[in-house]
Amino acid sequence: MRRFSRIWMKRTSLLVLATFIAFGFACGSQQVEPLDPNDSTLPQDTRRWIAAAEDGVVAARARRDAAKERLERARARQKRMLDEIDFGSKGAKVVDSMNARFERHQDYLEAQLDRAEALLALAEAKYELATAEQAIIHDIARYDVEEIKQKVEHARRQLQDVRNRLRQTRESLDRTTTRFWQVYAQYLKEGGDALRFWTGKGPSMSIARSAPKTGTDAKPQEQSVNPRSNVNPKDLPSNPF
Amino acid sequence: MSKIVKRYWVNFAGLFLVCAAGCAQQQVTVRDAAYVEILRVKISKVRNAIEETRETIISARNARYLPELYLRLAELLSEEAQYHHRLAYEREQGGGKALHVPQVRLLKEQAIGVYKQLLHKYPRTALADQVLFNIGQEQRELGNFTEMQQYLQQIVKEYPDSPLKGEALLVLGDYYFDKGEVAESRIYYEQITKDKPSRVTGLAYYKLAWVWVNLNECDKAIAAFEGALHTARAADQKKKAGAKGSATNAGREPDDGRYAEDGAHTDNGSKKEVSNQGIDVRHAALVDLAYCYSLERKPENSVRYFRSLARDRTTYVEALEKLARRYGVMSEAKGSILVTRELLRLGPINEERIDDVKQLHAALREAKDYTAVGSDSLLIASVLAAYCSRADVSDRVRAEMKKQFELFIRDLLTRAQERLERPQQERQVERAMEIARGYRVYLHAFPQSKAYLDMLLNITDVLILAKDHLEAGRRLLQAAFMVDPRDERRRDILYDAVVSLQNFLHTKRTDVSDLEWVLARSGLRRAASELLRYPLHEDKIRTVKFAIAMTYYDEGNLSEAVDRFTALAYEYPGSEESEISIRLILDAFDTLSDFDSLMRAAQQFLASDSPAGQELRRQISPLLGAAQQRKLDEVSLEAAGDEGGGLDMLVSFARYNQGTSLGERALLNAFLAARAQGDSEQLYKLGEAIIRLYPSSEQLPGLLSTIGQMAVARFEIDRAIAFLARAVKIRHPQQVRLLVTAGELEEQLGSRDQSRLRYQEAIRATDNRGRAEALEHLAKLLEQEGDANRMVAELAPYKEDNNPEALSRLALAQLALGKIQEAETNLQNVLSASASASSEALARAHHGVAEIMFANSLGYGELNSLEMVEEYVAVVEAIQQSYLNAAREGSLTYTPVALGRLAFMSRAAAQRFRTANIPQQGLSPVQHQQVVSALQRRAEQLEQSAQEALTACANQSFAQRSFGPAARSCLSGRAWDRVLAGFDKFARRTSKSEPAGLEELRKRLSRNADDIEALRELGSRFLRAGDPHYARLVFAAAIERGGGAVDANLLGIAENDVQNYSGALSAFARAAEGGLEAGRQNLATLLRKLGLNAAAEDAIKRYPVGQSGGQLLSKGR
């Protein structure tokens, strides 16, 4: 019995401790409740302020989605071009250079996406800050504004880092693009096929349908008065009248 | 038991058999009764009716309705005769030989007898016309034509208004017509047509028309047929109107029930007589009209004509069919075309339509009329489709029809196209469109045709003539797909497709739909890409490639377009396409606002190995410059944004373009962005970078002055002075202002020599219009130094400027040196310019005037006469007034000076009065004593005035918080004994190093210049670091921007440290007024330190005990 009570107490203590810790975590990171920009009890200037911050988030999100789309398109294009274009034995350098260019382009687009993500994070942080400040001003809630401001500053710093990377990837992309065209020009000078870039390596387009063939496959038409239509007057029924 | 079962089964089997047999026998076929039987029944019935009627007649003696009974009897007899006739006919089964039926004749004669009896008995009966008509009909049927005529003529003659008159005439006309005597029959028919309309008028017209036909008078026949049609139409319309209940008033009309046309019995049972029953006049007339129409009228109007006369489609179609046959026989092509078209459009789909198609085809070929070949093809194909969809048409027939029709359509279209391609065809486009329409029908209707490809190619030629380049291109592409890739024609077809689609894409964009645009582009791209697989001339290859690239460009897929154009440019350097491609590449990047790519591409094409020609390169250079500027603008905007853009981007951009004007601009933009952000550290760095890298930049002067101003705002005075000096060195347009600012700063730091030099440099740097400010500052500085010789030496050269500030100071200096006359002139100049002179200058001027008078008054000898006394009194009063004028100007500096000097002068004057030695000569002792007493009193008054002046001066000091040397002299009870005002001399600044940790405070001030807390802290740190010069500037700024007593007290401490006692006392007084006890105590402490104990006591009394806090100079009371 004694042993049991000891075990029971130990377990209870652990449970209580765990509960406290959980509450601590919950209370540590504050959650800013959004304010409704359509709430007529709030002054108009407040509502405008919050709505403007909201708009910033929406715009940032749209830009992020656009950046994603650009990246996907670029990837698809790269795959398509690599599948379709064949520069032959002389064009190995061209292919390598093209690959490099595509990869730098992707890096650049990924950096753009990161920037868009960073801008979105910043917009969200600013929205949170605007909401918290207005809530405090109008006695709706209490928040630790400093913590939120720190978040905003952190987001700004992140953005700055991303911008630097963007600039680097851009410069790299420009270099590889210029290099690619130089390689291509050299390829042409060395007698490379100027059609490869345009026709790719796919087969000629197949005949669309199995229509009766003309030309060599067709029965030779008889000579007729009308060579265009190959209509022989003898084939025409006579006028019944 | 088995027996019983057996018996049961046997009985059952037997019963089953019986029933089966019974059922078999009862299978009776029920058929309709034979027509013969029906007739027999009818005969029986009519006989019964006859008997009944006879009996009724017998019993109805003298009845009014006896005539009707007789009439009825006769009709019944006639009816029985008819039945007998039909019976005989049925029996003989319609054989061709004549029938011999005696009952018929007998009965009819009986009927005639009854009719005659009726007439005889009732000659005036209303039924007479009917009876006569019936007799006539009977006679006709009996073949007694003479009698028939007689009776019918009798109706016409004796009963002209009878509705049966027309009938009678019709019968008579038919009689002659049947005999072949058409001329005779015409007479009778015309009698009907010329009479008023009746229900037989239409028929009469119709008959008359046939008369004319037989007489070969087709024009008259047409008129008669038209008459029949119009009359019949009118009758129909009237009948319809009558059916709605409207009354008619044209004799005994059909609506009275007796004379309906359809042969049914009337309401009263009497038979209706209509000659030639079963003729639908409107139908028959129109159809029969066809023959004469074809002979007499123009075929072009035929369809319209017949349509206008037709009652319904069936009639119309039948008439047209007849007409079509006529035109066919006549080989009338135009008519055949029109009529067969209409038949194909409206007629039922049967074998006749097939013939119509053939006729149409033949007629079109005959007339060579292909203007509507598209519509015709559609008609023909529609007929074929409808015919082949019939369930009763076999597959063989279908195949045959398809083959035929395919030939027809193909023949027509190709012939039409041949004619089209002849030169100078009118309305070629319109015709081409029509032919193309026909080709589309063909291609749709005969997809398996062996000639499909040829026809497909044909349509493309036609579409090109019709300027429908889009479809032409698409059809060519389709044709190309049908041709074997090894076929040589395929290349040409593809090329034509490319050209066509390109032509389409040259159309004005607003004239075509988005779908068409997309189709054209994609088609062009496919065709062109495919075409490149074939051996082509180089020019063609280039053109085709360019076309491919343009499709991407047009659809906005600029990244693809750029790659294609770039490839093209390198593949064909120097060509027209290459040049255009390069331009389009740059344009594409410009459209995308991708300035990085635009710059890269421009640089690529400006490189030595570029495919661009010289002329193009010259055009690219400014584009590159513009792109760089726009990129810079973009980067600058981003850097200045709230999104933490930072200056790094601009700095990197500048580094990337170092040594160029773009790099310079980038750095300048970064500098401006740093200023906007308040990032001083960056501002200094960037400023230094610009100065180092671009020493010739035109923006340098502004930049340096900006930095200098910012340094001042941050209280980095040394730095500010350095930057301002550098700005001056590079000939800043505002260098005078900058020099003055630098001089002010140095003055504040106690570097008066340096300050003087700045002012002098500023004065030299400009003319008299621009040096006023510098001159004033110099004059003020010299006055504060107190060296009259120097003042005169430095200010006299500029007296012609007539600057009141400088002139007044110069005058006082001259006075101090005894140069009365020069001083007087200058002072007069100042006073004469009183409107533009400041109160300070006027105060000096009045003070100077007073000093001059005072100096002059000192030249007076001993007062030893009354006249001298009087004069002296006047002079003293004038001097007093002048000093008071000076004091009233409110100058913080010269009010105490004037008051002090007033006291000085008053005491001196008092002494004069006291030591006056007026002789008794001419005066009685009493008078002499009075004079002496008066002089004593005057002296006392002057002493009092002197005291009052000093008191006023002391009070003024506290009131205005002005504690300069002259004021302090007043506070000590001593009159000021000098001409020039005195000034405290600042101690020189010794500390040059800044205390640590000021950057944060400066940043705060950069963000908010009115941050009093920051200012106080900054000043305090300077104070603690032993730099009271900086500290006093900071505290002064704090007070200016709204600081309170604490800041004033701190300012006092700093001022005390720099030995600016007047400033310190003023600040402590302000602090005391602000309620700070430390200020009050510090004020008293400093006053005591300066030997002004009484004033210190006065200060303690003046100001109430204040709040605690604040720094003390030393232990105060």
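Before reading on, note that the structure itself is shown above.
Another aspect to go through is the packing of aromatic side chains. All names here are of chain B. As enumerated under the stated definition, the model contains 31 aromatic pairs over all chains in all. Relative to Tyr-188, the ring of Tyr-176 has its centre 5.4 Å away and its plane inclined at 5°; by these criteria the two rings are stacked. Remark: Tyr-188 occurs in helix α8 (residues 182-194) and Tyr-176 occurs in helix α7 (residues 164-179); sequence separation between them is 12 residues. Judged on exposure class, the residue Tyr-176 and its partner Tyr-188 are both buried. Arranged with centres 6.0 Å apart and planes meeting at 10°, the rings of Tyr-684 and Phe-723 form a pair that is stacked. Here Tyr-684 is found in helix α30 (residues 680-693), whereas its partner Phe-723 is found in helix α32 (residues 717-729), with 39 residues between them in sequence.

What follows covers the state of the cysteines. Residues and elements named next belong to chain B. In the structure shown here, the tally under the stated rule is two disulfides over all chains. At a sulfur-sulfur separation of 2.4 Å, the disulfide partner of Cys-218 is Cys-292. Looking down the S-S bond of the Cys-218 and Cys-292 bridge, the torsion is -65°, so its handedness is left-handed. Highlighted residues: Cys-218 in helix α10 (residues 218-243) and Cys-292 in helix α11 (residues 281-296), separated in sequence by 74 residues. Summarising the burial analysis for this pair, Cys-218 and Cys-292 share the class buried. With a sulfur-sulfur separation of 1.8 Å, Cys-953 is cross-linked through a disulfide to Cys-970. Since a negative S-S torsion denotes a left-handed disulfide, the Cys-953-Cys-970 link at about 90° is right-handed.

The subject of this paragraph is the pattern of salt bridges. Applying the stated rule across the entire model yields 105 salt bridges over all chains. Between Arg1080(B) and Glu1077(B) there is a salt bridge whose closest N-O contact spans 2.8 Å. Note that Arg1080(B) and Glu1077(B) are positioned in helix α49 (residues 1077-1089) at a spacing of three residues, about one turn of the helix. The same class applies to Arg1080(B) as to Glu1077(B), namely buried. What emerges from the salt-bridge pattern is a single network uniting Arg77(A), Arg80(A), Arg101(A), Glu560(B), Asp563(B) and Arg564(B).

All names here are of chain B. A surface patch of nonpolar side chains, amounting to about 350 Å² of accessible area, comprises Tyr-291, Leu-295, Val-329 and Met-330. At the level of elements, α11 and α13 (313-330) are the ones that each hand at least two residues to the nonpolar patch. Structurally, Leu-295 can be placed in helix α11. We classify Leu-295 as partly exposed; its relative accessible area is 42%.

All names here are of chain B. Within the secondary structure layout, Ser-294 lies in helix α11. On the accessibility criterion, Ser-294 (5% relative accessible area) is buried. With near-sequence residues (within four places) excluded, Ser-294 lies in contact with Leu-323, Arg-326, Tyr-327 and Met-330.

Take the nonpolar core next. By size, the foremost hydrophobic cluster in this structure holds 247 residues, and its most contacted members are Tyr184(A), Phe197(A), Phe405(B), Leu1083(B) and Leu1087(B). Discounting chain neighbours no more than four positions away, the residues touching Leu1083(B) are Phe958(B), Leu1065(B), Phe1068(B), Ala1069(B), Ala1099(B) and Tyr1103(B). Residues Tyr206(B), Phe225(B), Tyr305(B) and Leu343(B) belong to the second largest nonpolar core, which totals 91 residues.

All names here are of chain B. At Ser-331, a position not held by glycine, the phi torsion is positive, near 55°. Along the chain, Ser-331 turns up in the loop between α13 and α14 (333-346). Of note, the phi angle at Gln-1059 is positive, near 70°, even though the residue is not glycine. Within the element layout of this structure, Gln-1059 appears in the loop between α47 (1045-1057) and α48 (1061-1073). Accessibility expressed as a relative area gives 38% for Gln-1059, which makes it partly exposed.

For the rest of this paragraph, the subject is the packing of helix α23 (residues 538-554) of chain B against helix α24 (residues 558-571) of chain B. The description of two packed helices rests on the angle between their axes and on the distance between the axes. Residues and elements named next belong to chain B. Orientation of α23 relative to α24, taken along the N-to-C sense of each, is 160°, at an axis distance of 7 Å. In terms of orientation, α23 lies roughly antiparallel with respect to α24. Considering only the axes of α23 and α24, their crossing is left-handed. Listed contacts from α24 to Arg-542, Lys-545, Phe-546, Ala-549, Met-550, Tyr-552 and Tyr-553 of α23 are Leu-558, Glu-560, Ala-561, Arg-564, Phe-565, Leu-568 and Glu-571. Of the residues in the contact of α23 with α24, the class split is nine nonpolar, no polar and five charged.

About the thresholds
- Residues numbered from 1 in each chain as written.
- Chains lettered and ligands numbered in written order.
- Predicted model: local features only at pLDDT ≥ 70, side-chain atom pairs only at ≥ 80, totals over all residues.
- Heavy atoms only, no water.
- Phe/Tyr/Trp six-rings, centres within 6.5 Å; stacked < 30°, edge-to-face > 60°.
- Helix = DSSP H or I, 4+ residues; strand = E, 2+ residues; numbered from the N terminus.
- Buried < 20%, exposed > 50% of the residue type's maximum accessible area, 1.4 Å probe, protein only.
- Disulfide = S-S within 2.5 Å.
- Salt bridge = Lys/Arg side-chain N within 4 Å of Asp/Glu carboxyl O.
- Patch = residues over 30% accessible without salt bridge, like charges linked within 9 Å, V, L, I, M, F, W, Y side chains within 5 Å.
- Areas by Shrake-Rupley, 256 points an atom, 1.4 Å probe, with all protein chains shown as cover.
- Contact = heavy atoms within 4.5 Å.
- Core = buried A, V, L, I, M, F, W, Y, C linked by side-chain atoms within 4.5 Å.
- Axes fitted to C-alpha atoms, helices over the stretch in contact; angles between N-to-C directions.
- Parallel < 35°, antiparallel > 145°, perpendicular 65-115°, else oblique.
- Left-handed = near helix turned anticlockwise from the far one by under 90°.
- Nonpolar A, V, L, I, M, F, W, Y, C, P; charged D, E, K, R; others polar.

None of the figures reported here should be taken as evidence of function without further support.
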